[in-house]
Amino acid sequence: MLYEKLRQHIKTMVLAAMFMAIGLLLPFLTGQIPQVGNMMLPMHLPVLLCGLICGWQYGGAVGFVLPLFRYALFGAPPMPVGVAMAFELAAYGAVVGFLYARSRWQCVISLYRCLVIAMVAGRIVWAAARMVMVGAASVPFTWEIFLSGAVITAIPGIILQLIAIPAIMVALNRTGLVPFRKAADRQTQL
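Our subject in this report is the structure included herewith.

How each quantity is defined
Residues numbered from 1 in each chain as written. Predicted model: local features only at pLDDT ≥ 70, side-chain atom pairs only at ≥ 80, totals over all residues. Heavy atoms only, no water. Helix = DSSP H or I, 4+ residues; strand = E, 2+ residues; numbered from the N terminus. Buried < 20%, exposed > 50% of the residue type's maximum accessible area, 1.4 Å probe, protein only. Phe/Tyr/Trp six-rings, centres within 6.5 Å; stacked < 30°, edge-to-face > 60°. Lys NZ or Arg CZ within 6 Å of the ring centre and 35° of its normal.

Moving on: unusual backbone geometry. For the peptide bond that leads from A76 to P77, omega is 0°, which places it in the cis range. Relative to the helices and strands, P77 resides in the loop between α4 (56–74) and α5 (79–101).

Pasting the structure below:
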């Protein structure tokens, strides 16, 4: 029993490290054109997947550390933006992992529900962090800035997340690596 728990813990840590590595490398695909990176949100995908697969604790930790670590290694995202992004990604990973783990059924419908709630929560956390940061700099954070930065610019990335993440989770379910769970299965785990 102890061996199995240790094995599962090590597996989860390795998966979280893999999502961290993907999050460090994925922005290089869009990094040559910062506007494309702002639209496609490449660091969001591995953080959301980490929360779904590894759990809310790992999703939150990877989400928080990823932009800070990426800045330390590569100088991007720029630092005032990177701090707000750290809180935003931590919220994404933690909220999606927490809600999905507690879903009665783990299926595509609950996956979409958890993703949408996590995306809204992450954007609210991003706005709160930006308000605190610009408030300290005596620059107003307006509703227009929020809509532009969190919604309008991010529409392609939001669409990508709503298509790619369920597709990846369905593929992982079909291979048996990360199976969806029914309500009866959850009772046996408790």
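Our focus in this paragraph is helix α3 (residues 44–54). Along an α-helix, residues three or four positions apart point the same way, because every turn accommodates 3.6 residues. Of all 11 residues that make up α3, 10 are buried, and the element is covered over most of its length. Considered for burial, the residues of α3 that qualify are H44, L45, P46, V47, L48, L49, C50, G51, L52 and C54. After α3 finishes, the residue G55 shows a positive phi value of roughly 110°.

Before going further, it helps to spend a moment on the packing of aromatic side chains. With the rule as written, the count across this model stands at 3 aromatic pairs. Ring plane angle 85° and centroid distance 6.3 Å describe the contact between W56 and F98, whose orientation is recorded as edge-to-face. Here F98 lies in helix α5 and W56 lies in helix α4, a separation of 42 residues in the sequence. Among the residues examined, W56 registers a relative accessible area of 37% and is labelled partly exposed. Relative to F87, the ring of F64 has its centre 5.2 Å away and its plane inclined at 70°; by these criteria the two rings are edge-to-face. You can see F64 sitting in helix α4 and its partner F87 sitting in helix α5, a full 23 residues away along the chain. On the basis of relative accessibility, which here comes to 31%, the residue F64 falls in the partly exposed class. On the basis of relative accessibility, which here comes to 39%, the residue F87 falls in the partly exposed class. Across the ring face of F28, the terminal group of R70 is positioned such that the distance to the ring centre comes to 4.8 Å.

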